[in-house]
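These are the residues of each chain, in order.
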Amino acid sequence: MLAGDFAGLKLYRLPAQDKKLKKDGTPRDPKKVGKFHCPVFTPDGTQVVGFMLKMPDIAGMIKQPDRFVAYDAIAAGAEEIVVKEGVAAFDAAAAKRLGVDLDACIIWTGMDVRTVSGKRVGYCADADFNLRTGKVNAFILTEGGASNALVGHREMPASMLKGYRDGAMVVEDAAANLEFSGGAAAKAAEASVKVAAKASEVTAKAKVQAKKGAAVIDEKGSKALDKGSRALGKQLGKTRGMFGAFVSEYKKAAGTPAKGSGKKS
């Protein structure tokens, strides 16, 4: 599952067992803890240990510092992401339980990426990790802007991460040679192959129009992404209606039955 899928979602705490019902017998709503902000990794980048939570302002005015929540202390409820009961979930208590030093942990996403020899390889946009174990499978490296829209992204195995230097993620030189996946150009190429396979069924004029159409897609895709943002935790196109799908994917990744749908975001 991608760590970036959590960004902007709210984390809730369920009422205690003896307080789940109000005096009138109606169920109490879960209490919002905060919003998922960014994933936290072990220094070697092999493990997601949790997430930073952006806390709500006190009385709408006073800022609160971010809080850390352990990756294994969260679960998907029927309508929201919740904190598991009876688990040391936050800050120092959670770190002690996991056996990690939060001061040594790193937020790798959002960093510029350079090879050991100094070649720039874009920036780290996301990480694919195992929801049950926290193990990082791969880091998602992108060029950013229009380039990413056209050529897509690189999926770099976590084993290629070598360390941190001068504000950047340092990776093996071989990372610069990883192939790109996704992107408008790749999709256009795939479409061209399909068109070529049916060349006998189309006219020369149709082929010209198809190429023009692909060019328009590339151009508009580039302009659209140029207007985008690299801000950490920013997710474009997220709507309330997508939360049900997120819960389903979360439960699938966690190995639990995907029941119900959500309506909070």
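About the cut-offs
- Residues numbered from 1 in each chain as written.
- Predicted model: local features only at pLDDT ≥ 70, side-chain atom pairs only at ≥ 80, totals over all residues.
- Heavy atoms only, no water.
- Salt bridge = Lys/Arg side-chain N within 4 Å of Asp/Glu carboxyl O.
- Buried < 20%, exposed > 50% of the residue type's maximum accessible area, 1.4 Å probe, protein only.
- Helix = DSSP H or I, 4+ residues; strand = E, 2+ residues; numbered from the N terminus.
- Phe/Tyr/Trp six-rings, centres within 6.5 Å; stacked < 30°, edge-to-face > 60°.
- Lys NZ or Arg CZ within 6 Å of the ring centre and 35° of its normal.
- Pairing = 2+ DSSP bridges.
- Contact = heavy atoms within 4.5 Å.
- Core = buried A, V, L, I, M, F, W, Y, C linked by side-chain atoms within 4.5 Å.
- Domains from an automatic or database assignment.
- Patch = residues over 30% accessible without salt bridge, like charges linked within 9 Å, V, L, I, M, F, W, Y side chains within 5 Å.
- Areas by Shrake-Rupley, 256 points an atom, 1.4 Å probe, with all protein chains shown as cover.
- Axes fitted to C-alpha atoms, helices over the stretch in contact; angles between N-to-C directions.
- Polar contact = N/O pair within 3.5 Å; in protein donor to acceptor, adjacent residues only side chain to side chain.
- pLDDT = per-residue confidence, 0-100.

A. Representation of the pattern of salt bridges within the structure. Tallied over the entire structure, the rule returns five salt bridges. Of the charged contacts, one joins D57 and K63 as a salt bridge, the two residues approaching to 3.5 Å between their closest N and O atoms. Overall, the relative accessible area of 65% leaves K63 in the exposed class. Measuring nitrogen to oxygen at the nearest pair gives 3.1 Å for the salt bridge that ties E143 to R154. Taken together, the residues E143 in the loop between strand 9 (136-142) and helix 2 (145-151) and R154 in strand 10 (residues 153-157) connect sequence positions 11 residues apart.

B. Spatial organisation of the packing of aromatic side chains. In the structure shown here, the tally under the stated rule is six aromatic pairs. Taken together through their ring pairs, the aromatic side chains of F6, F36, F51 and F129 make up a single cluster. Taking NZ or CZ as reference, R67 lies 4.2 Å from the ring centre of F90, over its face.

C. Main features of the pairing of strand 9. Across the seven residues that make up strand 9, a large majority, six, are buried. The pairing of strand 8 (residues 120-129) with strand 9 spans six bridges and is antiparallel. Each bridged residue has a counterpart across the sheet, and for D128 the counterpart in strand 9 is A138. In sequence, strand 8 turns back onto strand 9 through a hairpin of six residues, with G134 there showing a positive phi of about 85°. With five bridges joining them, strand 9 and strand 10 adopt antiparallel strand pairing. If you follow T142 over to strand 10, its bridge partner there is H153.

D. Structural detail: the environment of A3. Following the sequence through the fold, A3 ends up in the segment before strand 1 (10-13). Separated by 36 residues in sequence, A3 and P39 have C-alpha atoms that sit 6.3 Å apart. Those residues within four positions of A3 in sequence are excluded, and the remaining contacts are P39, F51, D126, A127 and F129.

E. Broad picture of the nonpolar core. One finds L11, F36, F139 and M169 to be the most contacted residues of the largest nonpolar core, which totals 50 residues. Taken domain by domain, this core gets at least three of its residues from each of domain 1 (3-104) and domain 2 (111-177). M169 has contacts with W108, M111, D112, V113, R114, C124, F139, M156, L161 and G163, leaving out every residue within four places of it along the chain.

F. Geometry of a nonpolar patch on the surface. On the surface, a cluster of nonpolar side chains totalling about 330 Å² of accessible area is made up of I58, M61 and I62. You can see M61 is positioned in the loop between strand 3 (48-54) and strand 4 (67-70).

G. Looking closely at the sheet that holds strand 3. Read from one edge to the other, the open sheet built from six strands follows the order 4-3-2-1-6-5, with strand pairing classed as mixed. Strands at the two margins of the open sheet, each flanked by one partner only, are strand 4 and strand 5 (74-76). When strand polarity is set aside, the average angle formed by the axes of neighbouring strands in this sheet is 45°. Helix 1 (residues 91-98) rests against strand 3 and strand 4 of the sheet, and its axis sits at about 35° to strand 4.

H. Spatial organisation of the side chain of T42. Inspection of the secondary structure assignment puts T42 in the loop between strand 2 (31-41) and strand 3. The class for T42 is buried, based on a relative accessible area of 13%. Only 2.7 Å separates the side chain of T42 from the side chain of D44, close enough to count as a polar contact. Ignoring any residue separated from it by four or fewer positions in sequence, one finds T42 in contact with Q47, V49, C105 and W108.

I. How the structure looks around the confidence of the model for the protein. Summing up the model confidence of the protein, the mean pLDDT is 76 and the portion of residues at 70 or higher is 68%. Counting contacts from residues 184-208, a segment whose pLDDT is below 50, to residues more than four positions away or on other chains yields 10 contacts. Confidence drops under a pLDDT of 50 for residues 260-265, and excluding neighbours within four residues, the segment shows 18 contacts in the predicted structure.

J. Structural view of the pairing of strand 11 (residues 161-165). As defined by bridge partners, strand 11 adjoins strand 12 (residues 168-171) across four bridges and the pair is classed as antiparallel. Within strand 12, the position partnered with R165 by the bridge is A168. Remark: two residues form the turn of the hairpin made by strand 11 and strand 12, two consecutive strands paired antiparallel; D166 in that turn has positive phi of roughly 50°.

K. Region of the structure containing the sheet that holds strand 8. Taken together, the six strands give an open sheet; going across it, the order is 10-9-8-7-12-11, and neighbouring strands pair in mixed fashion. Strand pairing shows two members of the sheet lacking a second neighbour, strand 10 and strand 11, which therefore form its edges. Adjacent strand axes in the sheet meet at a mean angle of 40°, parallel and antiparallel pairs treated alike.

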